[in-house]
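# Structure at a glance
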Amino acid sequence: MNRIAYKALSIVILLSAMLLIAVPAFAASGTTLEGSFKTMPAIILISCIVLFLVVGFMNKAEGTADFYAAGRSISRVGSGMAIASNWMSAASFLGMAAIMYGSGYHGLSYVVGWTGGYCLLLLLMASQIRRFGKYTATDFIGDRYYSSGMRFWTAIIAIFISFCYSVGQFGGIGLMFKWIFGMNYSASVIVGGLVVLSYTLISGMLGVTKNQIVQYIILITAFLIPAFILTFKFDYFWLIPELGYGRVVSDIVAGNSTPFINSLGHAMQTVPQPEFAMPWDTATGKDFFQWMATCFALMIGTAGLPHVIQKFYVVPKPADARWSVTWGLFFICLLYWTAPLYSAFGRILSSNPEVGNLAKDAIVVYTAQLGTVNPLIVGFLAAGAVSAAFSTVSGLLVAGSSAFSNDIYFKLINPKATGAQQINMARIATVVMALGIILVALLKLALVAQLVALAFSIAGCTIFPLFLLGIWWSRSNRSGGIASLSVGGFFTVFSIFYFICGKFGVALPGSAFVGYWLNPWYFAWIASPLAILANIVVSLNTEDTPEHIRKHLASEVHGVR
């Protein structure tokens, strides 16, 4: 990060510190949960957004290497922070606590699945992807399976995955802008979307990656500080809040009352809720199959997400790719280990009926408010949520626009396009994607984490099988890849079609069966193994992989001389 970016960060920190000293009386006015303009949180958020714009402008892309792969100039630790920031979206920052707040233990399937996915990447794919030497996931598939048709369709799938993933992020941005500025949800989504679009257009992958390092520092600091405050304030073990909240879970399960009150003057008391901490309790409406299917789909989906895979191209060397995943896992775990704390405190602090029905996706911020955390810190927490969503959306927009510009426009439509023309096409694609995402986000189809899980299911049964077999089995050929993609694509269309029809009240035959076994959040549990099987069967019964590809895999990807 350059000196100007550091100066901008220092200004924001200084401004926040001055506000904290100058307006201590503001803490008394922080009990309004929503529907009002919150001055200090608004100033903090605007300061962060200005910082993002400055960093993006000072690191704007000068060429295609900068726009697609950050000039391959990011360090291991910096790339690890960018991976963590890129990964810890609104679904991680807001959505995981929301799922656990609503369904208790079942929500841990998201924590286990997403974390396990990075273990898969670390062990099976990180350095191998970097050694193959392309810019995008679609670029890898097009060259590895020597097929322009597969390049085109995987580019379309990559764009669709980025689109679905971003819808959930824009929903999270809308919730935070609504909480801070008192605007309605629709206006909040539109304003927040246009802001993140502006600096993505300026920066490309270089500026986005630099921004993600700054955003990680903001979001993890914002997430951890209230955790220490809540456990200390309510006399739980605060030195390691992630351990201290275990007593909160015990209080929820037993229905214990405490001598503490929330910011609205309500006693912290609940009726016994053993299902909150019990695996697959029938009271949650979830069972063992759904827990495991969700875990599996999220795990393989993580290893197939184009915007995650693209991060392995921003480091100088293949070894750096593996180390960047290791650092990324460490930085991710800091947040994932803490997320259950907010769901547990949220459950007990909002137990009084007078609190009313809170938006689950905003429970992290509501928990800090109800726990009488200083509104400036709550505002910083909300800014951290916006940072999480911004960092992921920007990476998704770059991944989606790169798939169009590099893999469709340059590789298929206009091979003679200059670097400037490619970047212009990428920026046009970014604008079109962002506007479409805003329109769909306004529909509020599901919780943030659920909308994101759809993207994982799609990636898990389309992109992941092609990478897994493409890297580790040289016999996998073009015909096998087409068969794999066809199977994954069929399940994707089938599941989404039933889901959308159900949302709009259209009854289809077998809707209950499909809703349980092929739910859009986890249909990859069966679609991915079938896609892999189709690849193997068809590859074994068709032509062999070309010699030059097998040699490239052996010598460059796996280092066999």
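Residues numbered from 1 in each chain as written. Predicted model: local features only at pLDDT ≥ 70, side-chain atom pairs only at ≥ 80, totals over all residues. Heavy atoms only, no water.

### Quick word on the overall build of the protein
For clarity, the threshold we go by: Secondary structure follows DSSP: runs of H or I at least 4 residues long count as helices, runs of E at least 2 residues long count as strands, and numbering of each begins at the N terminus. We call a residue buried when its accessible area falls under 20% of the maximum for its residue type, exposed when it is over 50%, and partly exposed in between, using a 1.4 Å probe and counting protein chains only. Every residue pair with non-hydrogen atoms within 4.5 Å of one another is taken to be in contact. All accessibility values rest on the Shrake-Rupley procedure with a 1.4 Å probe; residue burial counts only the protein chains present in the view.
Broken down by element type, the protein carries 23 helices and zero strands. Sorting the 561 residues of the protein into buried and exposed places 59% on the buried side. Relative to all contacts within the protein whose residues are 6 or more apart in sequence, the contacts with residues 24 or more apart total 83%. Element-wise, carbon and sulfur atoms account for 69% of the exposed surface of the protein, whose accessible area totals about 20,200 Å².

### Here's the deal with the pattern of salt bridges
The test is simple: The term salt bridge refers to a side-chain nitrogen of Lys or Arg lying within 4 Å of a carboxyl oxygen of Asp or Glu.
On inspection of all chains with the given rule, the structure shows six salt bridges. A salt bridge links Arg 151 to Asp 139; the nearest nitrogen and oxygen atoms lie 2.7 Å apart. On the criterion of sequence distance, the pair formed by Arg 151 in helix α8 (residues 148-181) and Asp 139 in helix α7 (residues 137-144) is long-range, its members being twelve residues apart. For the pair Arg 151 and Asp 139, a shared accessibility class is recorded, and that class is buried. A salt bridge links Arg 151 to Asp 143, with the nearest nitrogen and oxygen atoms 2.5 Å apart. When its relative accessible area of 7% is taken as the criterion, Arg 151 is described as buried.

### Comments concerning the layout of surface pockets
Picture a little ball the size of a water molecule; that probe, rolled over the atoms, points out where space is still empty. Note the cut-off: Only protein atoms enter the 1 Å grid, on which a cavity is a set of points fitting a 1.4 Å probe that cannot get out and a pocket is an open set with protein on both sides within 12 Å along at least 5 of 7 lines, lining residues being those with an atom within 4 Å of a point. Grid points are joined across faces, edges and corners, and a volume is the space filled by probe spheres set on the points. Any residue outside Ala, Val, Leu, Ile, Met, Phe, Trp, Tyr, Cys, Pro, Asp, Glu, Lys and Arg is labelled polar, Gly included; the first ten of those are nonpolar and the last four are charged.
Roughly 300 Å³ of internal volume is contained in the second largest pocket. If you trace the second largest pocket, you find 20 residues lining it, with Leu 175, Tyr 185, Ala 359, Asp 361 and Lys 444 closest to the centre. Of all the secondary structure elements, the ones that give two or more residues to the lining of the second largest pocket are α8 and α19 (448-472). Across the lining of the second largest pocket, the residue classes tally to 13 nonpolar, two polar and five charged.

### Examining the packing of helix α20 (residues 478-503) against helix α22 (residues 524-540)
Describing two packed helices takes the angle between their axes plus the distance from one axis to the other. Put simply, the rule reads: Working convention: axes come from line fits to C-alpha atoms, limited for helices to the stretch in contact. Angles between N-to-C directions cover 0 to 180 degrees. For classification, angles of less than 35 degrees are called roughly parallel, those exceeding 145 degrees roughly antiparallel, those between 65 and 115 degrees roughly perpendicular, and all remaining angles oblique. Crossings are classed by handedness, with left-handed meaning an anticlockwise turn of the near helix from the far one by less than a right angle and right-handed meaning a clockwise turn.
Running from N to C, α20 and α22 point in directions that differ by 155°, and their axes come no closer than 7 Å. In this view, α20 runs roughly antiparallel relative to α22, as classed from their interaxial angle. For the pair α20 and α22, the sense of crossing is right-handed. Between α20, through Ser 479, Gly 480, Gly 481, Ala 483, Ser 484, Val 487, Gly 488 and Phe 491, and α22, the contact on the second element is made entirely by Ile 526, Ala 527, Leu 530, Ala 531, Ala 534, Asn 535, Val 538 and Ser 539. Looking at side-chain class alone, the contact of α20 with α22 contains nine nonpolar, seven polar and no charged residues.

### Topic: the environment of Gly 265
Tracing the backbone through its elements, the reader meets Gly 265 in the loop between α11 (246-254) and α12 (288-302). Residue Gly 265 is classed as partly exposed on the basis of its relative accessible area, which comes to 46%. It is 9.2 Å that separates the C-alpha atoms of Gly 265 and Leu 370, two residues lying 105 residues apart in sequence.

### Describing the packing of aromatic side chains
The geometry of an aromatic ring pair is captured by two quantities: the separation of the ring centres and the angle between the planes. Short version of the rule: Stacked, tilted and edge-to-face are the three classes applied to pairs of Phe, Tyr and Trp rings, where Trp contributes its six-membered ring and a pair requires centres within 6.5 Å; stacked means planes under 30 degrees apart, edge-to-face means over 60, and tilted covers the rest.
Under the criterion given, the structure shown has 31 aromatic pairs. Between the aromatic rings of Tyr 105 and Trp 291, the centroid separation amounts to 6.1 Å while the plane-to-plane angle is 25°, which identifies the pairing as stacked. With Tyr 105 in the loop between α5 (90-103) and α6 (108-132) and Trp 291 in helix α12, this pair connects stretches of sequence that are 186 residues apart. The partly exposed category is assigned to Tyr 105, whose relative accessible area is 25%.

### Section: unusual backbone geometry
Within the chain, Asp 235 stands out as a residue other than glycine whose phi angle is a positive 65°. As for its position among the elements, Asp 235 is in the loop between α9 (185-233) and α10 (241-244). Even without being a glycine, Thr 372 presents a positive backbone phi close to 60°. For Thr 372, a relative accessible area of 43% translates into the label partly exposed.

### Digging into the packing of α5 against α8
Relative to each other, α5 and α8 sit at 70°, their axes nearing to 9 Å. Classified by the angle their axes make, α5 and α8 are roughly perpendicular. Contact with α5, carried on its side by Ala 90, Ala 91 and Leu 94, involves Gln 169, Gly 172 and Met 176 of α8 and no other residues of that element. Taken together, the residues of the contact of α5 with α8 break down into four nonpolar, two polar and no charged.

### Details of the nonpolar core
To keep things clear, this is the line we draw: Nonpolar cores were defined as sets of buried Ala, Val, Leu, Ile, Met, Phe, Trp, Tyr and Cys residues, with membership established by side-chain atoms within 4.5 Å.
If you look at the biggest cluster of nonpolar residues, it comprises 165 residues, and the most contacted ones within it are Trp 87, Phe 93, Trp 114 and Phe 467. Apart from the residues within four sequence positions on either side, Phe 467 is in contact with Met 125, Ile 129, Ala 137, Phe 140, Ile 141 and Ile 309.

### Let's talk about the side chain of Ser 147
The following threshold applies: Within 3.5 Å is the distance limit for a polar contact, defined as a pair of N or O atoms, with the added protein rule that one can donate a hydrogen and the other accept it, and that residues adjacent in sequence qualify only through two side-chain atoms.
Examined against the element boundaries, Ser 147 turns out to sit in the loop between α7 and α8. Since its relative accessible area comes to 9%, Ser 147 is described here as buried. Within the structure, Ser 147 has its side chain in polar contact with the backbone nitrogen of Gly 149 (distance 3.4 Å). When sequence neighbours within four positions are dropped, the list of residues in contact with Ser 147 reads Gly 142 and Arg 478.

### Some words on the environment of Ser 250
Here Ser 250 shows up in helix α11. Residues Ser 250 and Phe 276, spaced 26 residues apart in sequence, show a C-alpha to C-alpha distance of 9.6 Å.

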